[in-house]
Structures are given as C-alpha cells and as structure tokens.
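Results of the structural survey
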Amino acid sequence: MGWLWAIIVGFVLGLIAKAIIPGKQHSPLWLTTIFGMLGAIVGNAIARAAGVEVTSGIDWSRHLFQLIAAIIIVALGDMLYMATLGKGKQRA
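Residues numbered from 1 in each chain as written. Predicted model: local features only at pLDDT ≥ 70, side-chain atom pairs only at ≥ 80, totals over all residues. Heavy atoms only, no water.

Moving on: the overall build of the chain. Looking only at helices and strands, the chain has four helices and zero strands in total. Of the regular secondary structure in the chain, the N- to C-terminal order runs α-α-α-α. Expressed as lengths along the three principal axes of its C-alpha atoms, the size of the chain is roughly 50 × 25 × 20 Å. When each of the 92 residues of the chain is scored for burial, the buried share is 33%. Accessible area for the chain stands at about 6,100 Å²; split by element, carbon and sulfur atoms hold 74% of it. (Helix = DSSP H or I, 4+ residues; strand = E, 2+ residues; numbered from the N terminus. Buried < 20%, exposed > 50% of the residue type's maximum accessible area, 1.4 Å probe, protein only. Areas by Shrake-Rupley, 256 points an atom, 1.4 Å probe, with all protein chains shown as cover.)

Laid out in structure tokens, this is it:
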C-alpha cells in the first residue's frame, strides 16, 4: 500500500508542479510522476531536517516543502529531458 500512495502523491505533486511552472513542459506523464515522487522524498527529508517531522493535524509545512522540491525537480528534469531525448520530438 505504501508504493500505491507514493505513486498517487507523486502523480498529484508532479501535475501541480507542471501547472505552476510557466511555459510548456515536454516530459511524459510517467516521468512527471517519478519527478513528483522524488519531490515528495526530498521534501520530506528537508522538512525532517527543518524540525517539522510530526505536527498535529495536516502537515501543511511538510506539504509545502514537498511541493517546492517537486517544482524544482520537475523543472530541472524537464530541461534535462529536452536536452537529451526531447530534441527529436521538437523537430517532429
């Protein structure tokens, strides 16, 4: 069940990050989901380092760290995708 939640959270974070980043992102949906999953992992690590490990109620600060990390990872990952695999797709 943990992997299912990781995929769902990664999917949602990736889509939100793609919506926030200006311009068009060319990475496919499966790669955006992986970027979102990585954003969740990095965001959790940063939140834990900042001392926001456990709070009562909804962990808004942890979710904010996750979203910021996902935005950065999606943006960098899309640039890397376009630099390596996406050049052929731009011409077509």
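Let us now look at the packing of helix α2 (residues 29-49) against helix α3 (residues 60-84). For the pair α2 and α3, interaxial distance at closest approach is 7 Å and the crossing angle is 140°. What the angle tells us is that α2 and α3 run oblique. When you trace α2 past α3, the crossing you get is right-handed. For the pair α2 and α3, contact is made by Leu31, Phe35, Leu38, Gly39, Ala40, Val42, Gly43, Asn44, Ile46 and Ala47 and by Arg62, Phe65, Gln66, Ala69, Ala70, Ile73, Val74, Gly77, Asp78 and Tyr81, respectively. Grouping the amino acids of the contact of α2 with α3 by side-chain chemistry returns 13 nonpolar, five polar and two charged. (Axes fitted to C-alpha atoms, helices over the stretch in contact; angles between N-to-C directions. Parallel < 35°, antiparallel > 145°, perpendicular 65-115°, else oblique. Left-handed = near helix turned anticlockwise from the far one by under 90°. Contact = heavy atoms within 4.5 Å. Nonpolar A, V, L, I, M, F, W, Y, C, P; charged D, E, K, R; others polar.)

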